[in-house]
Amino acid sequence: MSSGGGGRSLMRQCGSFMNKTCSKFNQLLSYKSQKTVRVIDRRMGLLAIALRLMILGYLAIAIYLSEAYKDTEYTTGALIARGSGESYSTDNHLQVRFWDFADVLYPPTEVGAIFIATRVIRTNLQTIQLCANPAHPCSPENAANNNTDDDAADAGGGADRRLLAEPAAPAPPTNTQSNPSYPSTDSDGAVEDPQCIGVQNGVEMPTAPYGTGQCAGTGAGCLEYVWCPAEGVNSLRTLDMELQRLGTYTVQFQSAISFPVFDPDGVPLQYNHTEMTLTELLAQVGATEEEAMQTGAVISARVMYECDADAGDLQACVPTVTLRRCC
């Protein structure tokens, strides 16, 4: 009996194994299919349509209308300014001088910029000597003797003659610490001044051998080795020349740019801006001639190219020129 029961158990195990094997084999040969469930609900249907329209609208605006599918090349070109013309100036002594464009242009050539002088302040017959520096004033008690204008001393020979004459040799300095090769009368009566030592108003005063730590005998400033006479201390030496007419000068901007990615073998694009006078240029940025002659003006010229390479020839692309006053 026991042997018969063992045979049936073995048969059941074999049958179970065959069923599992057949089940796995059926799963291997089976396939899956998706089922779609249609829900009849107007609110859910309208929401699904709205979401689809929003996605399609985003694709239409962000990609098609804004041409996001196109590539963009950013490049930088060169801008050159040219000018011509002539004018004249009068100084504080009513002397007239002729100025052509080469005189008012400095430096003569500059990439991407142009500097035109509308007012020139020049001090004649300057030499490096030991004299008062008005940029570094003395203390109030020493500055009480200040007489910054030497017109009375120079007036004896006449203003016109003084401008062309060599400066007279100054008296030797009384300060034994001074350099004898640079004598100056400003050292006569010079006194030690704490305003000429250390840091004053955030500016460090010069030390030996450039500075002396003394106030000049005239009280015009600290005694230092600088270009003498200093600018503005002598109206016969310092000339303030203002150009009288700016409308006679003309300026023209010329730009050039290339697109090495989209047009590697093409000729660079060139554009010549319409020639204009300085008066017209100042008017476009909201400035006047009087203001420019007194304080000057910094004008920025921007040439922007926005060219479509798919539209045709790049040489036909016209840039946009923007003029703006910086300061």
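The sections below set out a description of the structure shown in this document. If you're wondering where the values come from, they're calculated on a predicted model, not measured in any experiment.

1. Topic: empty space enclosed by the protein
At step 1: Under the counting rule described, the total for this entry stands at one cavity of 30 Å³ or more.
At step 2: One number sums up the size of the largest cavity: a volume of about 30 Å³.
At step 3: Lining the largest cavity, in full, are S258, F259, D263, G266, V267, P268 and L269.
At step 4: Its residues placed into classes, the lining of the largest cavity shows four nonpolar, two polar and one charged.

2. Description of unusual backbone geometry
At step 1: In this chain, A208 is followed by P209 through a cis amide linkage whose omega measures 5°.
At step 2: Relative to the helices and strands, P209 is located in the loop between β8 (203–204) and β9 (211–215).
At step 3: Omega for the bond connecting C228 with P229 falls within 30 degrees of zero, at -5°, which places this linkage in the cis form.
At step 4: Position of P229 among the secondary structure elements: in the loop between β10 (222–228) and β11 (238–243).
At step 5: In this model, L94 sits at a positive phi of 60°, which is unusual for a non-glycine residue.

3. Details of helix α2 (residues 42–65)
At step 1: In this model α2 runs 32 Å from its N-terminal to its C-terminal C-alpha over 24 residues, within 8% of the 34 Å that 1.5 Å per residue would give.
At step 2: Burial analysis of α2 places just zero of its 24 residues in the buried class, a small minority of the element.
At step 3: With a side-chain oxygen positioned 3.1 Å from the backbone nitrogen of R43, the residue opening α2 is D41.

4. Some details on the packing of aromatic side chains
At step 1: Evaluation of the coordinates by the stated rule reveals one aromatic pair.
At step 2: Above the face of the W99 ring, R97 is positioned so that its terminal group lies 3.8 Å from the ring centre.

5. Structural notes on the state of the cysteines
At step 1: Here the structure, examined in full by the defined rule, presents four disulfides.
At step 2: One disulfide in the model links C131 with C228; its S-S distance is 1.8 Å. Between C131 and C228 the disulfide shows an S-S torsion of about -90°. By sign, it is left-handed. Placement of the pair is C131 in strand β5 (residues 127–133) and C228 in strand β10, with a sequence separation of 97 residues. Taken as a pair, C131 and C228 share a single burial class, namely buried.
At step 3: Here C138 connects covalently by a disulfide to C215, the sulfurs 2.2 Å from one another. For the disulfide bridge between C138 and C215, the dihedral angle about the S-S bond is near 100°, and by the sign convention the bridge is right-handed. One end of the pair, C138, is in the loop between β5 and α4 (140–143); the other, C215, is in strand β9, and 77 residues separate them in sequence.

Cut-offs and rules
Residues numbered from 1 in each chain as written. Predicted model: local features only at pLDDT ≥ 70, side-chain atom pairs only at ≥ 80, totals over all residues. Heavy atoms only, no water. 1 Å grid on protein atoms, 1.4 Å probe; cavity = no way out; pocket = protein on both sides within 12 Å on 5 of 7 lines; lining within 4 Å. Points joined across faces, edges and corners; volume = space filled by probe spheres on them. Nonpolar A, V, L, I, M, F, W, Y, C, P; charged D, E, K, R; others polar. Helix = DSSP H or I, 4+ residues; strand = E, 2+ residues; numbered from the N terminus. Expected span 1.5 Å × (residues − 1). Buried < 20%, exposed > 50% of the residue type's maximum accessible area, 1.4 Å probe, protein only. Polar contact = N/O pair within 3.5 Å; in protein donor to acceptor, adjacent residues only side chain to side chain. Phe/Tyr/Trp six-rings, centres within 6.5 Å; stacked < 30°, edge-to-face > 60°. Lys NZ or Arg CZ within 6 Å of the ring centre and 35° of its normal. Disulfide = S-S within 2.5 Å.

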